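Overview (structure and organization)
Take a look at the letters that make up each chain.
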Amino acid sequence: PGGAASDTAEVARRCDLILLSLPTPEASLAVAREFAPEITPGTIVVETSTVGPDTVKALHNLLSPQGVPVIDAAIVGGVAKLAAGEGVFLVGAEEAASGRAGELLRASCEEIHFLGARGAGMRMKLVVNAVAHGAATGLDKVKKFLARID
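This section reports on the structure supplied with the text. Every value quoted in this text rests on a predicted model; they were computed, and no experiment measured them. Counting from 1, residues in each chain are numbered in the order their sequence is written. This being a predicted model, a pLDDT of at least 70 is required before a residue's local features are given, and a value of 80 or more before pairs of side-chain atoms are given or counted; all residues contribute to the totals for chains, interfaces and linings. Calculated side-chain values reflect all of the structure's heavy atoms, with hydrogen atoms and water omitted.

**Some details on the overall build of the protein chain**
The numbering of helices and of strands both runs from the N terminus, where a helix is a DSSP run of H or I of at least 4 residues and a strand a run of E of at least 2. Counting secondary structure elements, the protein chain contains 6 helices and 5 strands. Each helix and strand of the protein chain, ordered N terminal to C terminal, gives the series α-β-α-β-α-β-α-β-α-β-α. Expressed along its principal axes, the backbone C-alpha trace of the protein chain runs to roughly 65 × 30 × 30 Å. Relative accessible area decides the class of each residue, using a 1.4 Å probe on protein chains only: under 20% of the type maximum gives buried, over 50% gives exposed, and in between gives partly exposed. Counting every position in the protein chain, which comprises 150 residues, the buried fraction comes to 36%. Note on definitions: a residue-residue contact is assigned when non-hydrogen atoms from the two residues lie within 4.5 Å. Taking the intrachain contacts of the protein chain between residues at least 6 apart in sequence as the baseline, contacts between residues at least 24 apart amount to 63%. Looking at the protein chain as shown, the accessible area adds up to about 8,400 Å², and 60% of this sits on carbon and sulfur atoms. A distance of 7 Å separates the average location of the 14 positive side-chain charges in the protein chain from that of its 17 negative side-chain charges. Surface exposure here means Shrake-Rupley accessible area, sampled with a 1.4 Å probe, where a residue is shielded only by the protein chains that are shown. For the purpose of counting charges, residues Lys and Arg are taken to be positive, whereas Asp and Glu are taken to be negative. His and the chain ends are not included. In plain terms, the charge of a residue is placed at NZ if it is Lys, CZ if Arg, CG if Asp and CD if Glu.

**A short note on the sheet that holds strand S3 (residues 70-76)**
What the 5 strands build is an open sheet, ordered S1-S2-S3-S4-S5; its pairing is mixed. With partners counted over all chains shown, the strands left at the sheet margins are strand S1 (17-20) and strand S5 (111-114), one partner each. Within the sheet, the average angular offset between the axes of one strand and its neighbour, ignoring direction, is 20°. DSSP bridges decide pairing: two strands pair if at least two such bridges lie between them. As judged from the 4 bridges shared by S1 and strand S2 (residues 44-47), these two strands associate in the parallel manner. By the bridge assignment, Leu19 is partnered in S2 with Val46. Every axis in this analysis is a line fitted to C-alpha atoms, fitted for helices over the stretch in contact. Angles between the N-to-C directions lie between 0 and 180 degrees.

**Examining helix H5 (residues 95-107)**
For a helix, the expected span equals 1.5 Å multiplied by the residue count minus one. An ideal rise of 1.5 Å per residue puts 18 Å on 13 residues; H5 reaches only 14 Å between its terminal C-alpha atoms. A maximum bend of about 75° is found in H5 at Ala101. When we look at burial in H5, the residues that qualify are Ser98, Ala101, Gly102 and Leu105. Across the chain, bend at a residue is computed as the angle between axes fitted to the seven residues ending at that point and the seven starting from it.

**Points about the packing of helix H2 (residues 25-35) against helix H3 (residues 53-63)**
Here H2 crosses H3 at 5°, and the two axes come no closer than 10 Å. As summarised for this structure, H2 and H3 are arranged roughly parallel, according to the angle between their axes. Residue-level inspection shows Pro25, Ser28, Leu29, Ala32, Arg33 and Phe35 of H2 in contact with H3, the latter providing Thr55, Ala58, Leu59, Leu62 and Leu63. In terms of residue class, the contact of H2 with H3 is made up of 8 nonpolar, 2 polar and 1 charged. An angle below 35 degrees is read as roughly parallel, one above 145 as roughly antiparallel, one from 65 to 115 as roughly perpendicular, and any other as oblique. Polar here means any residue other than Ala, Val, Leu, Ile, Met, Phe, Trp, Tyr, Cys and Pro, which are nonpolar, and Asp, Glu, Lys and Arg, which are charged; Gly is therefore polar.

As structure tokens, then:
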């Protein structure tokens, strides 16, 4: 039946693909704990929240005993770019094993990278963020240096 679900348990009963995009790792785990008792084996959970590999592992440990795989899909470029179809996903799964989750992710981004192991998407996002921060810091220092010699 269509219409909005009344709670997370109903989402778990009605959906065969659940995408998490929540503000904190604690929120992701709390929501997963709420729907875990009702989830159907074979449902795929895709974690797109900004979480670390440890949260992906905790979700896996919570849901895999029920036959529910967890795929991490880190968003690079922010939600606004993703909404415009210009985002990038870093996915902790093999492309061949991503199934319907891979189809959904491919349809909603400009670029997708399947990185293999569970948690690899979130690990790679940490690297991307560190490199971007280093580049921004370096550019700022160069700008200040150039201003002094001008």
